[in-house]
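In case you want the letters, here they are:
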Amino acid sequence: MAGPRPRPRPRRRLTRGPPLDSKKSLDSLLRGLLPRRISHNNRDRSEIYGLYGVRICARTKEGIELQRLGQPTSLKLTGFSRCAFDRAEAKLVQWAEEDGAEACWRTEGDWTAREKAVGR
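Since the model is a prediction, treat every value here as computed from it, not as a measurement.

K.L.:
What is the right way to read the sheet that holds strand 5 (residues 74-78) from this model?
P.N.:
Reading across the sheet, the three strands line up as 3-4-5 and stay open at both edges, with antiparallel pairing between neighbours. What marks the edges here is a single partner per strand, and that holds for strand 3 (54-59) and strand 5. Going from strand to strand, the sheet's axes swing by 30 degrees on average, the running direction of each strand aside. Note: strand 4 (residues 63-68) against strand 5, five bridges, orientation antiparallel. Bridging from a neighbouring strand, Ile64 pairs with Leu77 of strand 5.

Quick look at the structure:
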């Protein structure tokens with residue numbers, strides 16, 4: 001006679017932090033991708049956070065599309081409403097302005113001087 005059947009192990013969640021469908025995860029995702037320059041104590045010491053040269057190149061009802069300046073590849077972010085993307089971006093802009101940062105992704109057409117210096 002066979003022994004007792006092994007019990008299946010409960011599935012564990014491999015990611016930490018908010019679930020991927022939460023508004024917090026969208027805020028965090030945009031904060032990690034969209035570049036912004038933050039000055040520390042003086043103008044000579046500033047850093048770029050996010051991906052250098054990334055800009056929002058398209059906005060659709062399904063989401064947004066990101067592209068790095070000078071590159072043919074783009075990344076489409078979907079899964080949230082257009083309104084949710086707009087709110088998350090507005091929150092990031094507000095946070096940047098309150099912190100004295102520059103929202104580099106809103107610069108149209110070219111790299112900012114600081115992005116050119118450190119990321120190109």
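The discussion continues.
K.L.:
I keep staring at helix 2 (residues 82-98) and nothing clicks. Help me out?
P.N.:
Because an α-helix completes one turn every 3.6 residues, residues spaced three or four positions apart along the sequence face the same direction. An ideal rise of 1.5 Å per residue puts 24 Å on 17 residues; helix 2 measures up with 24 Å between its terminal C-alpha atoms. Those residues of helix 2 that fall on the buried side of the exposure criterion are Ala84, Phe85, Ala88, Glu89, Leu92, Val93 and Ala96. On the buried face of helix 2, the contacting elements are helix 1 (23-33), strand 1 (36-40), strand 3, strand 4 and strand 5.

K.L.:
Where do I start with the nonpolar core in this structure?
P.N.:
Side chains that are nonpolar tend, in soluble globular proteins, to be buried together. Core analysis: the largest hydrophobic core is formed by 17 residues, its most contacted members being Leu26, Leu30, Leu34, Ile64, Leu66, Leu77 and Trp105. Breaking this core down by element, the ones donating at least two residues are helix 1, strand 3, strand 4 and helix 2. Once you skip the residues sitting within four places of it in the chain, Leu26 turns out to touch Phe80, Ala84, Phe85 and Ala88.

K.L.:
What am I meant to see in the side chain of Arg55 here?
P.N.:
Mapped onto the fold, Arg55 is located in strand 3. Looking at Arg55, its side chain comes within polar contact range of the main-chain oxygen of Asp110, at 3.2 Å. When sequence neighbours within four positions are dropped, the list of residues in contact with Arg55 reads Pro35, Glu65, Leu66, Gln67, Leu69, Cys104, Trp105, Thr107, Asp110, Trp111, Thr112 and Glu115.

K.L.:
What's the story with the pattern of salt bridges in this structure? I'm lost.
P.N.:
Opposite charge on two side chains allows them to pair when their charged atoms are near. Scanning all chains against the criterion turns up seven salt bridges. Note that Asp86 and Arg82 form a salt bridge whose closest N and O atoms lie 3.5 Å from each other. With Asp86 and Arg82 both in helix 2 and four residues apart, the pair spans about one turn of that helix. Its relative accessible area of 31% is what places Asp86 among the partly exposed residues. When its relative accessible area of 32% is taken as the criterion, Arg82 is described as partly exposed. Linked through salt bridges whose partners overlap, the residues forming this network are Arg59, Arg82, Asp86 and Glu89.

K.L.:
What's the story with the pairing of strand 3 in this structure? I'm lost.
P.N.:
Two faces, one strand: in a regular strand the side chains alternate between the faces of the sheet. Two elements, strand 3 and strand 4, share five bridges in a ladder whose sense is antiparallel. Following the sheet pairing, Arg55 is matched in strand 4 by Gln67. What sits between strand 3 and strand 4 in their antiparallel hairpin is a turn of three residues.

K.L.:
How should I be thinking about the packing of aromatic side chains in this particular structure?
P.N.:
Within a pair of aromatic rings, the relevant descriptors are the distance that separates the centres and the angle that separates the planes. In total, this model carries one aromatic pair according to the counting rule given. Between Phe80 and Phe85, the ring centres sit 6.0 Å apart and the planes meet at 90 degrees, which makes this aromatic pair edge-to-face.

Rules used in this analysis
- Residues numbered from 1 in each chain as written.
- Predicted model: local features only at pLDDT ≥ 70, side-chain atom pairs only at ≥ 80, totals over all residues.
- Heavy atoms only, no water.
- Pairing = 2+ DSSP bridges.
- Helix = DSSP H or I, 4+ residues; strand = E, 2+ residues; numbered from the N terminus.
- Axes fitted to C-alpha atoms, helices over the stretch in contact; angles between N-to-C directions.
- Expected span 1.5 Å × (residues − 1).
- Buried < 20%, exposed > 50% of the residue type's maximum accessible area, 1.4 Å probe, protein only.
- Contact = heavy atoms within 4.5 Å.
- Core = buried A, V, L, I, M, F, W, Y, C linked by side-chain atoms within 4.5 Å.
- Polar contact = N/O pair within 3.5 Å; in protein donor to acceptor, adjacent residues only side chain to side chain.
- Salt bridge = Lys/Arg side-chain N within 4 Å of Asp/Glu carboxyl O.
- Phe/Tyr/Trp six-rings, centres within 6.5 Å; stacked < 30°, edge-to-face > 60°.

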